[in-house]
Amino acid sequence: MKAPAVAYVRPQSLDEAVAVLGQGAGEVQLLAGGQSLLALMNLRLAAPDLLIDISRLPELTAVGEEAEAVILGACVTHAMVEDGRIPDPSRGLLPRVAAGLAYRAVRTRGTLGGSLALADPAGEWPCVFAALAAEAILCGRAGRRSLPCAGFVTGIYETARAADEIIEAVRVPKLSAAARWGYVKLARKTGAFASALAVAVTDPGRGHCRLVLGAAGGPPLFLAQTAALIGADCRDLDAYRLAVAADLAAAADRHFEEFEMQLHTAAALRAIHQVLA
Amino acid sequence: MTRIRLTLNGATIEEEVPARLALADFLRERRHLTGTHLGCEHGVCGACTVLIDGEPARACLVLAVACDGCAVRTIEGFRDDAAMAALRASFHRRHALQCGFCTPGMLITAHDLIRRGKAGGEREIRDGLAGNLCRCTGYTNIVAAIAEAAAQLGASRHGA
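Being a predicted model, the structure only gives us computed values, none of them experimental.

Some remarks on the overall build of chain B
Here is step 1: Looking only at helices and strands, one finds 5 helices and 5 strands in chain B.
Here is step 2: The order of helices and strands in chain B, counted from the N terminus, is β-β-α-β-β-β-α-α-α-α.
Here is step 3: In summary, chain B has a C-alpha radius of gyration of 16 Å against a globular reference of 15 Å for 160 residues, a match within 12%.
Here is step 4: For chain B, the C-alpha atoms occupy an extent of roughly 50 × 35 × 20 Å along the three principal directions.
Here is step 5: Burial status across chain B gives 46% buried among its 160 residues.
Here is step 6: Of the contacts made within chain B by residues no fewer than 6 positions apart, 62% connect residues no fewer than 24 positions apart.

Written as structure tokens, this is what we have:
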């Protein structure tokens, strides 16, 4: 089908975009890469009154580097990450994730901030940013604020972003040389949405250790007991198996079918295996 | 309506477009470039793949109005391209199309894979083609044709 009628503006600066967003009457959507939004509009599942095209805003396509972190503009595309065109704070994790996300013709348009703002349960970036303890930098009429990506996604397609805020960037802490990560995406076809997603990151020097599951029927799911075992450098695979089962059972807000339990468990254990290897 | 100015297959053009108009519909209905095929219209089939500023993109998931100032290249814009000539010939030799509906998207995707050095073997080519569907299921010959063109172009590059 074709997208419904819509108005369109392309502001020249982030300040202007924030102002337009604040004034917008009816349903206003921010258009970044559009790789989900335009599909939803073509399917008539979304029918905004106004699109604010933020994809070319210089503030949102910028990349900055600090001593401890890299700041990725919200409209950095998956392909830019895949190709290593931006500094990598993650020792290879971000490019690995980007290369397996949808298809090249989608990755050249789709953006980090768009993926985070959409908060699809099967989306890669919300889980990966949460596992890396990244922060989302939001810009609204009241000014800027920074929120941990862990907890940023509050539900299925729901985030802590206020309606008058734009995700400006994601601040990703640099992993140290001793850090290890594991990343497993189980999908029925290359580039398809994940059926299960596991991201494990441990950085002993910084006391950082997280195991996050995606495509798990809600926001990124933190496996705390299992992560603690990784942090303690446990080498007992049976202990990991028990811990994953306990963590999944403790997720009171989720219901997993038996095959889903097996998928999530397999993804988690494979990610742990990569970390320990 | 918004006035846009873009480069289309090397020529500068200007048009008034409504915001809802997808790039694919702009190309087909306003510019009569019907080589860009529309299959699913939601980013799954890859038949509408074109190049925007040199990068492959789904013309069904890009608004024409958002292409203001960009360079768009469709399958019609590859007539003088050596890599595309090699792909066309290998698709012909290997019978890499049946109904032909997916072919423009397959060719542009294959061209990009070869350009980025991502057509090094069957596995890599199949991964790279995952976003292009052939409903005739003629993948075996498509993969073989791309591998052949990639090998030929690689050999000619080494020879140069």
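That covers the picture; the talk isn't over yet.
A short note on the domain arrangement of chain B
The extent of an interface is frequently quoted as the accessible surface area lost upon association of the parts.
Residues and elements named next belong to chain B.
Here is step 1: On domain assignment, one finds that chain B holds domain 1 (2-77) and domain 2 (80-159).
Here is step 2: The straight-line distance from the C-alpha centre of domain 1 to that of domain 2 is 22 Å.
Here is step 3: Of the residues lining the interface, 13 residues belong to domain 1; the matching set on domain 2 comes to 11 residues.
Here is step 4: Among the elements that line the side of domain 1 that touches domain 2, the one with the most residues is strand E3 (residues 49-52), at 3 residues.

Some words on the sheet that holds strand E11 (residues 180-186) of chain A
Residues and elements named next belong to chain A.
Here is step 1: Taken in spatial order, the 4 strands make up an open sheet running E11-E12-E13-E14, and their pairing is antiparallel. Here the strands that pair on one side only, and so sit at the sheet edges, are E11 and strand E14 (221-222).
Here is step 2: Where E11 and strand E12 (residues 196-203) come together, 7 bridges link them in antiparallel fashion. Paired with tyrosine 183 across the two strands is valine 199, which belongs to E12.

A closer look at the interface of chain B and chain A
Here is step 1: Taken together, the contact between chain B and chain A spans 25 residues of the former and 26 residues of the latter.
Here is step 2: Broken down by secondary-structure element, the contributors of at least two residues to the side of chain B that touches chain A are strand E4 (55-58), helix H3 (103-115) and helix H4 (122-128) of chain B.
Here is step 3: Ranked by residue count, the leading element in the side of chain B that touches chain A is E4(B), at 4 residues.

Brief notes about the packing of helix H2 (residues 82-93) of chain B against H3(B)
All names here are of chain B.
Here is step 1: Running from N to C, H2 and H3 point in directions that differ by 125°, and their axes come no closer than 10 Å. It follows from the interaxial angle that H2 and H3 lie oblique. Along this stretch, H2 crosses H3, giving a crossing that reads as right-handed. Along its contact with H2, which presents Ala83, Met84 and Leu87, the element H3 presents Leu107, Ala110, His111, Ile114 and Arg115.
Here is step 2: For the contact of H2 with H3, the class distribution of residues is 6 nonpolar, 1 polar and 1 charged.

Here's the deal with H3(B)
Residues and elements named next belong to chain B.
Here is step 1: Counted at 1.5 Å a residue, the expected span for H3 with its 13 residues is 18 Å, and the 18 Å between its end C-alpha atoms agrees.
Here is step 2: Of all 13 residues that make up H3, 12 are buried, and the element is covered over most of its length.
Here is step 3: Those residues of H3 that sit buried are Thr103, Pro104, Gly105, Met106, Leu107, Ile108, Thr109, Ala110, His111, Asp112, Leu113 and Ile114.

The rules behind each value
- Residues numbered from 1 in each chain as written.
- Chains lettered and ligands numbered in written order.
- Predicted model: local features only at pLDDT ≥ 70, side-chain atom pairs only at ≥ 80, totals over all residues.
- Helix = DSSP H or I, 4+ residues; strand = E, 2+ residues; numbered from the N terminus.
- Rg over C-alpha atoms; globule rule 2.2 N^0.38 Å.
- Buried ≥ 20, exposed ≤ 12 C-beta atoms within 10 Å, placed from the backbone.
- Contact = placed C-beta atoms within 7 Å.
- Domains from an automatic or database assignment.
- Pairing = 2+ DSSP bridges.
- Axes fitted to C-alpha atoms, helices over the stretch in contact; angles between N-to-C directions.
- Parallel < 35°, antiparallel > 145°, perpendicular 65-115°, else oblique.
- Left-handed = near helix turned anticlockwise from the far one by under 90°.
- Nonpolar A, V, L, I, M, F, W, Y, C, P; charged D, E, K, R; others polar.
- Expected span 1.5 Å × (residues − 1).

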